[in-house]
Structure formats: structure tokens, C-alpha cells
Amino acid sequence: MKTTTESHLPTAQDEWNDHGNDQSMPKPSFWQKNIVTRSLIAAFTLSLACNIYTVLLFNSSSSTSGPSKAEKIQLSSDVTPFARLKWDKWIMWEHGGLYVNDTEEKTNAAWEAINYDTGNVALDDSFVEEMGLPVSQRFPWDDSKGLYFMNGQHQIHCLAALRKSFFQLRDNVPLDLAWHHNMHCFNALRQDIMCTADDTPRSMLRAHPGSVGVGQYRRCRDWDKMVEWTREHWSCWRDINKTDHIDTLLRYRYCPKGSPYYDRIHAVFGDFEMGPNANADN
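Below, the structure is looked at part by part. In this text the structure is predicted, and so the values were computed from the model without any measurement. (Residues numbered from 1 in each chain as written. Predicted model: local features only at pLDDT ≥ 70, side-chain atom pairs only at ≥ 80, totals over all residues. Heavy atoms only, no water.)

### Let's talk about the overall build of the protein
Okay, so step 1: Along the protein, the regular secondary structure elements total ten helices and five strands.
Okay, so step 2: Buried residues in the protein amount to 28% of all 282 residues.
Okay, so step 3: Across the protein, every contact between residues at least 6 apart in sequence was considered, and the portion connecting residues at least 24 apart equals 56%.
Okay, so step 4: Accessible surface computed for the protein: about 20500 Å², of which carbon and sulfur atoms make up 57%. (Helix = DSSP H or I, 4+ residues; strand = E, 2+ residues; numbered from the N terminus. Buried < 20%, exposed > 50% of the residue type's maximum accessible area, 1.4 Å probe, protein only. Contact = heavy atoms within 4.5 Å. Areas by Shrake-Rupley, 256 points an atom, 1.4 Å probe, with all protein chains shown as cover.)

### A closer look at helix α8 (residues 179-196)
Okay, so step 1: Here α8 contains 18 residues, and its C-alpha end-to-end distance of 26 Å stays within 8% of the 26 Å for a straight helix at 1.5 Å per residue.
Okay, so step 2: Those residues of α8 lying buried are N182, C185, A188 and L189. Along the axis of α8, the buried residues cluster in a sector spanning 120 degrees; they form a single face. In α8, the exposed positions angled more than 90 degrees off the buried face are occupied by W179, H180, M194 and C195.
Okay, so step 3: Tucked into the core, α8 has its buried residues touching α7 (151-170). (Expected span 1.5 Å × (residues − 1). Arc of directions from axis to C-beta.)

### Quick word on the sheet that holds strand β3 (residues 138-139)
Okay, so step 1: Pairing is antiparallel in the open sheet, where three strands are placed in the order β2-β4-β3. In this open sheet, the two strands that pair with only one neighbour each are β2 (120-124) and β3. (Pairing = 2+ DSSP bridges.)

### Remarks on the side chain of Q155
Okay, so step 1: Topologically, Q155 is positioned in helix α7.
Okay, so step 2: Among the residues examined, Q155 registers a relative accessible area of 8% and is labelled buried.
Okay, so step 3: At 3.0 Å, the side chain of Q155 and the backbone oxygen of A188 are in polar contact.
Okay, so step 4: Discounting residues that sit within four places of it in the chain, Q155 has contacts with A188, L189 and D192. (Polar contact = N/O pair within 3.5 Å; in protein donor to acceptor, adjacent residues only side chain to side chain.)

### A closer look at the environment of I91
Okay, so step 1: For I91, the location among the structural elements is in strand β1 (residues 89-92).
Okay, so step 2: Between the C-alpha atoms of I91 and Y217, which are 126 residues apart in sequence, the distance is 5.4 Å.
Okay, so step 3: If sequence neighbours within four positions are ignored, I91 has contacts with Q216, Y217, R218 and C220.

### A short note on the pattern of salt bridges
Okay, so step 1: By the definition in use, this model includes eight salt bridges.
Okay, so step 2: Among the salt bridges present, the one from E104 reaches R170, with a minimum N-O distance of 3.2 Å. Of the two residues, E104 is situated in helix α5 (residues 104-112) and R170 in helix α7; the sequence distance between them amounts to 66 residues.
Okay, so step 3: You can call E104 partly exposed: its relative accessible area is 38%.
Okay, so step 4: With a closest N to O distance of 3.9 Å, R251 and D239 form a salt bridge. Placement of R251 in the loop between α9 (223-232) and α10 (262-269) and of D239 in the loop between α9 and α10 is noted, with a sequence separation of twelve residues between them. As far as burial versus exposure is concerned, R251 and D239 are alike and both buried.
Okay, so step 5: Through salt bridges with shared partners, a single network forms among E104, R170 and D171. (Salt bridge = Lys/Arg side-chain N within 4 Å of Asp/Glu carboxyl O.)

And the structure:
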């Protein structure tokens, strides 16, 4: 039970109540009694105005800059914006073939022959800006260029790596590719398939129960033409020592004779193996 001598800290409301019967004290206005409310309303109004200004500025900037050159090409034609590929090659779906039904030695050689090294390209910054690409890691031999990996070659790398992992699991040997890298590749292929959304109806023939589209032709882009374009922009990268952690620069030293970077590279590394047996040690 509180005593009459107990004290407490007075609040603003207490002070007002103490003078409640004093007619000589002027009553504060609504705004004087609600300083916090007034401050919140002012802050909200300012924030709203800033947000509106930001949206208007963004819309104005977007409408001024417009789509990139690559986006304009993609919207206006069926030609790809980089290698300028068309849907001009007809290829038949196979049930088997060299990549499946030949001897294991031959099928392995066929898969390994699909080289993806040239998919690592060095693109000039002016071209990157014109095409609306994001700025990328620097090319080690020319700071005005960025490094990019072509999607097609990346996906072939993933598919070949997954195939090899399957054979290693079958043979009960350690995987060359870390498990999380295998999962990355599965997801990369999933994204590509769903992005492409190929709506070609595949026929079902009695001659091949369970197989669809066998012998059926479909229109494709020319893989060899894409590889030709990547060779023109190749970053001199080779996937040597695939399962080893090595100095990344060692993979970017395979510029051929005639390249503007050849002399500089050999001044740094001296003579080294440039042939099919090249690795970090030779």
C-alpha cells in the first residue's frame, strides 16, 4: 500500500493534471501537445516525396537508355546477338550412335573430343558495354578485357563431367569431380532446359518403345559456328590439371604464336609444353 510520502518521477501528463484546475494557465494547442506526432508526420511526408522522386528518376533513366544492343537483336530477329547464330541446321534425334552405343573406348574418345576450352573468352570492355553484359573478372594479359565463359561450352563441360562421374560410380572409384560440383552441373542443365522451353512435339514410334522422337529432325543452331566465334575471342585458357588446385594463371598461358600476348607470356613462363600433354609441371 502506497504511503502519502512516496514520491515518483513526474511525467508531462502529471504536470498538466497538477494544473488542471488552474484557469490562469494557458492550455497548449494540439500541435504543442503532439510534438512526436508532428515529427512523425513530417518524416513520413519527406520519405514519401523522396521515394516518388527516386521512382520518377529511375523510370526517366530507363526510358532514356533503353534496351542494350544484345536485347534489341534478340527482340527483333532469331539471330543470336554474339556469335550471330541462326536456326539453320537440321539434326536428327538419335536412339544410339557414337556417343552411346559404340565401344566404351570409342565413346569416351568422342566425348573427350568435344573441347570446351575455347568457351573461355576475353571480351573488350567497349563491346561488353555495347552489348549490355555485366563487367567481369579481368583478362590477365590485357586489363581492357573481361573474362566470360560461353554458356554452350559450360554446359558441355557439365554434361561430360557428369557422365564421367557416373562411370566412376559404376566402377566404384573416387570421383574426379567434387559432389557439390556434380550437383551444380545438374542444376545448370536444369536451368538451361527450362529456359529454352523447347516445345517440339516428339513422335512415339512402335519400332522404338519408350523412345520418343527417334529419326525425327529438328531445327538447330550450328555448334561449329559458335566454336568458331569463341576461337576468335579465346582467352588462351586450357583446363589443364582438371582435378588439381593450381595457380589459375597457368591455365591462361596457351596463346598461339602470332597472338599479341605470346611474347609477354613466354617472357614470364619461359618455354613450356603447348601440345596435348600440357600440364602445370611442363
